[in-house]
Amino acid sequence: MMSIYVIKCFLVLIVFNCFGQDDLLKQKDYADSIFKAQNYFDAIKEYKRLMFFDKQDNFSFYAYNQIAKCYKYGGKFEKASEYFSLALLKARNDKEIFHTKVNLCRLNIIQRKTSNAKRMLDQIENEGRFSIYEDEIKYWRAWIYFFEWKWVEASKIFEELGKKNLYEICISNKDKFYSIEKAKILSMFLPGLGQFYTGNYLSGFGSFLWNTLSAYLTISAFYQDRIFDGVIISNLLWLRFYKGNLENAEKFALEKNNILFEETLDFIYKNYSEEIP
Amino acid sequence: MKTILITLSVFNYLYCQINFFHTQENIKLFADHLFCEKDYLRAIEEYVRLDENFINDSVLLKIGISYLKIGQFIQSENYFKKINDKSPLKEISNSFKSINFLLNNKVDSLEEFCSNLNFSNEIINKHLIISKLLFKDELPDSSVITRFNEFDKKFLTDLIQKKIDKKDKSPILAASLSLIPGLGKIYTENYTDGLTSFIITNLFAYLAVDNFNKSHNFRGYLFSITAIGFYLGNIVGSYYSAIKFNKSRQQKILDDSFEYLKNRNYLLDDVNLCN
Amino acid sequence: MIKNNLIVIFLIFILNSQLISQVDFIRWEKSDNYLLIESKNSLSESIETKNINKKQSFIDVLLKVYKYSFSNFDGDNCSFYPSCSEFLAESFKLTNPIVSILLFFDRLSRDTNIFYKGDYVIINNRYYDPPSDYIKK
């Protein structure tokens, strides 16, 4: 003999089972699980499915945002920015608008379009209604400086915001990075010196030799009163090598800095993946 | 009573675990949506999930077109083959197949394909005419042109005109003109290159003569070798620059034509699989 | 022959344009580190040159000597891609040495052209001018 209570309980259970989870929510969870498994190509499909069946547009902001993130993590930045822009159109409140704009800005930072990113942050700041997010805006500004290798400015902001790890990275990079101007100026005074500064000794030595040789040829031609020859040699040889010497100094400094920067980015990506653009 | 309730609730639980958006009907709907959104690879992946009962000629056609769009011609061929010969969609699939031949410059295969068809297909005939004109320089009859509509007629007559007054540059002539440095380059319409080469050859020749006169023999030899190099180099360069000129001219005609055809959806006016 | 070349060029053009313009026409995976995608990859360049060095002929050795003793020091003068010495190396593979050297001289004179250089495709701020544009293999 079963009491009426037990039957009621079962009925309630059945009803809850079925309506507790809406189909759309189920699809969203499914898409999210694929997203978490980092299977981004398929995740995009599931988010598109979510949007396709979501006739009331409840999930479109979320789905566009997630699709954009999928493209971003897959390295397809053009597509990512396209979908963030679509998400921006669907954003319903200030918070959503702000975060999508910041996401677009972050994409620009990753793509090294720092001037674009700066302009976007300025715009966000000028709008006024986002003043509660002041710290976050500052934080992304620091990242722009970071990608521009302006370590002093970046470290100041990170210190102010209490991001000790990032601050320390900036400070150590400030000492490690080569100064391109210094390399060029050194090479300007003595061909090859800038290359010595960046540690490319062989190339520095070669530059020095070629410059001395062509300078000698030029001067000796002028000395023998063969002005025309001198002009040709100085143009075709000396100027070439002198220009090459300056370019090499700059190139090596940039190359070394690029490698250092790549190492930094690799380190940050592996250790502080939550805080990167 | 108890067991009934328990089984009911278990079934209910299982039933609720099924995602309604992944039923066959919904997969098809969503796949069609992806196809119309031009997300062809994902559309294929969805269509492939469909059961036998849900795969009809229209699905096969869409899969074929999707493969065509992502550049997998063999796969698209396989799906087009599966479409029933009596289906009205067969004609559309044939048209898409002929685009495949047209894009891959298989004029002979296209001709064979066209002659093997039971019913004559207007679009394929047009494709054949265009590809013959593009790749084999075969000019069509004037009667044929009237079958095209206003826009296509203009495109076709322009193309024919370009093929008729084909002004290819002769490499031999370019090389012989280059006996005077730079003239060959001017003939192949590289005017500044011609001028530069004239100046540079003469400059080095002058330097060589001057150095020999002043009995600086080493420098004299150096400059004469360079001058001779530039002189002969200009002759050979003009010869090849004429070849390059013809090649890029031909390429430009091809590019323009395919651009036009692409914008015109390969003349498939009435085919609209997405409403 | 010309036609065959054209077809190949055209096919490459079509495939490239489709694959590049449409990201989703081929499956892709998560990128290893998306921060590094846009970086000037100095490391991958050196790997590339290492691969080329595997098959060495006499001419390659000569060109290498030229590169390491001279061309590395004389600055970035060539406005073409591939650079003049690379142009020479590539044309050696396509045709006989005499024609290659003469084409190299022609290339040098075109490089000295300070006026309008002509309608070249621009890659990395350089005019794309490979020897295969002139010589068919």
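One numbering rule holds for all chains: residues counted from 1, following each sequence as written. In the order they appear in the text, chains get letters beginning with A and ligands get numbers beginning with 1. In keeping with the model being predicted, local features are shown solely for residues with a pLDDT of at least 70 and side-chain atom pairs are shown and tallied solely at 80 or more, while totals for entire chains, interfaces and linings include all residues. With hydrogens and water excluded, all non-hydrogen atoms of the structure serve as input to the side-chain values.

Asker: Even after reading the chapter, I still don't get the interface of chain C and chain A, so can you show me in this structure?
Answerer: Size of an interface: often given as the accessible area lost when the parts come together. Contact with chain C, which involves 28 residues of that partner, is made by 39 residues of chain A. Put simply, buried area is how much 1.4 Å-probe accessible surface two parts lose in total, over both of them, once they are put together. For the chain C face of the interface with chain A, the top three residues by lost area are Trp28, Tyr34 and Phe73 of chain C, together amounting to 27%. Counted as salt bridges are all cases of a side-chain nitrogen of Lys or Arg within 4 Å of a carboxyl oxygen of Asp or Glu. At the junction of chain C with chain A, the criterion picks out one salt bridge. Measuring nitrogen to oxygen at the nearest pair gives 2.9 Å for the salt bridge that ties Asp42 of chain A to Arg27 of chain C. For this analysis, residues touch if any pair of their heavy atoms sits within 4.5 Å.

Asker: What exactly am I supposed to notice about the interface of chain B and chain C here?
Answerer: Taken residue by residue, the interface counts 38 residues in chain B and 36 residues in chain C. Together, the buried faces of chain B and chain C total about 3300 Å²; carbon and sulfur atoms form 63% of this surface. At the junction of chain B and chain C, the tally comes to five salt bridges. Here Asp129 of chain C ties to Lys244 of chain B by a salt bridge, and the two come within 3.8 Å at their closest N and O atoms. Here a polar contact means two N or O atoms within 3.5 Å. Within protein one must be a hydrogen donor candidate and the other an acceptor candidate, and residues neighboring in sequence count only if both atoms are side-chain atoms. Inspection of the region where chain B meets chain C yields nine residue pairs in polar contact (both at pLDDT 80 or more).

Asker: Would you mind going over the side chain of Asn108 of chain A with me for this structure?
Answerer: Each helix is a run of DSSP H or I of at least 4 residues and each strand a run of E of at least 2, with the numbering of both proceeding from the N terminus. Inspection of the secondary structure puts Asn108 of chain A in helix H6 (residues 94–110). Exposure remark for Asn108 of chain A: the relative accessible area of 10% places this residue in the buried category. Throughout this description, buried means an accessible area under 20% of the type-specific maximum (1.4 Å probe, protein chains only), exposed means over 50%, and partly exposed covers the range between.

Asker: Looking at this structure, how should I read a nonpolar patch on the surface?
Answerer: Residues and elements named next belong to chain A. On the surface, a nonpolar cluster with roughly 1000 Å² of combined accessible area is contributed by Ile185, Met188, Phe189, Leu190, Leu193, Phe196, Tyr201, Phe205, Phe208 and Leu209. Of all the elements in the fold, those that place two or more residues in the nonpolar patch are helix H11 (180–189), helix H12 (193–197) and helix H13 (201–223). Considering every element that reaches the nonpolar patch, the biggest residue donor is H13, with four residues. Within the element layout of this structure, Leu190 appears in the loop between H11 and H12. Within this analysis, patches are made of residues with over 30% relative accessible area and no salt bridge. Like charges are joined at 9 Å or less; nonpolar side chains (Val, Leu, Ile, Met, Phe, Trp, Tyr) at 5 Å or less. In these tables, accessible area is a Shrake-Rupley quantity obtained with a 1.4 Å probe, and a residue counts as shielded only by the protein chains included in the view.

Asker: For this particular structure, what's the right way to read the sheet that holds strand E1 (residues 80–81) of chain C?
Answerer: Residues and elements named next belong to chain C. Paired strands are those between which DSSP finds at least two bridges. Strand order in the open sheet made by the three strands is E1-E3-E2, with mixed pairing throughout. For this open sheet the edge positions go to E1 and strand E2 (121–123), each flanked by a neighbour on one side alone. Summarising the sheet, E2 and strand E3 (residues 126–128) pair through three bridges and their orientation is antiparallel. Note that in E3 the partner of Ile122 across the bridge is Tyr127.

Asker: Any chance you could explain the nonpolar core here in plain terms?
Answerer: One recurring pattern in soluble globular proteins is that nonpolar side chains are buried together. We call a set of buried Ala, Val, Leu, Ile, Met, Phe, Trp, Tyr and Cys residues a nonpolar core when their side-chain atoms join them within 4.5 Å. Among the nonpolar cores identified, the biggest contains 119 residues, and Tyr47, Trp143, Phe146 and Phe158 of chain A are the most heavily contacted of them. Here this core takes nine residues from helix H3 (residues 40–53) of chain A, the largest share from any one element. Sequence-distant contacts of Tyr47 of chain A, defined by excluding residues within four places in its chain, comprise Ala31, Asp32, Phe35, Tyr62, Ala63, Gln66, Ile67 and Cys70 of chain A. Ranked by size, the runner-up nonpolar core spans 18 residues in total, among them Val236 and Tyr240 of chain B together with Cys78 and Phe87 of chain C.

Asker: Quick question: what am I supposed to make of empty space enclosed by the protein here?
Answerer: Over the atoms, a rolled probe matching the size of one water molecule traces out where space is still vacant. Here a cavity means grid points, on a 1 Å grid over the protein atoms only, where a 1.4 Å probe fits yet cannot get out; a pocket means an open set of points with protein on both sides within 12 Å along at least five of seven lines; lining residues are those with an atom within 4 Å of a point. Grid points are joined across faces, edges and corners, and a volume is the space filled by probe spheres set on the points. Here the structure, examined in full by the defined rule, presents two cavities of 30 Å³ or more. By volume, the second largest cavity is sized at about 30 Å³. Considering the residues around the second largest cavity, the lining is formed by Ser197, Ile200, Thr201, Phe230, Gly233 and Asn234 of chain B together with Phe105, Asp106 and Ser109 of chain C. At the level of secondary structure, the elements contributing two or more residues to the lining of the second largest cavity comprise helix H13 (191–213) and helix H14 (217–263) of chain B together with helix H5 (97–112) of chain C. In terms of residue class, the lining of the second largest cavity is made up of three nonpolar, five polar and one charged. Classification convention: Asp, Glu, Lys, Arg as charged; Ala, Val, Leu, Ile, Met, Phe, Trp, Tyr, Cys, Pro as nonpolar; all other residues, Gly among them, as polar.

Asker: Whenever I open this one, H11 of chain A confuses me. Can you help?
Answerer: The α-helix advances 3.6 residues per turn, and as a result positions three or four apart in sequence lie on the same side. Residues and elements named next belong to chain A. Among the residues of H11, Ile180, Ala183 and Ser187 are the ones counted as buried. Along the axis of H11, the buried positions cluster into a sector of 65°, meaning they face one direction only. Exposed residues pointing more than 90 degrees away from the buried face of H11 are listed as Glu181 and Phe189. In this structure, the buried side of H11 is in contact with H12 and helix H14 (227–271). When we speak of the arc, we mean the arc of directions from the helix axis to the C-beta atoms.

Asker: Help me out: how do you make sense of the packing of aromatic side chains in this one?
Answerer: Stacked, edge-to-face and tilted labels apply to pairs of Phe, Tyr and Trp rings (six-membered ring for Trp) whose centres lie within 6.5 Å, assigned for plane angles under 30 degrees, over 60, and everything in between, in that order. Overall, the coordinates contain 55 aromatic pairs over all chains when judged by the stated rule. Ring-pair connections join several aromatic residues into one group, and the members of that group are Tyr139, Trp140, Trp143, Phe146, Phe147, Trp149, Trp151, Phe158, Phe177 and Phe261 of chain A. Its guanidinium or amino end placed over the ring of Phe245 of chain B, Lys169 of chain B lies 5.2 Å from that ring's centre, counting from NZ or CZ. Charges are assigned to positions over rings by a cutoff of 6 Å between ring centre and Lys NZ or Arg CZ, combined with an angular limit of 35 degrees from the ring normal.

Keep in mind these numbers describe shape, not what the thing actually does.
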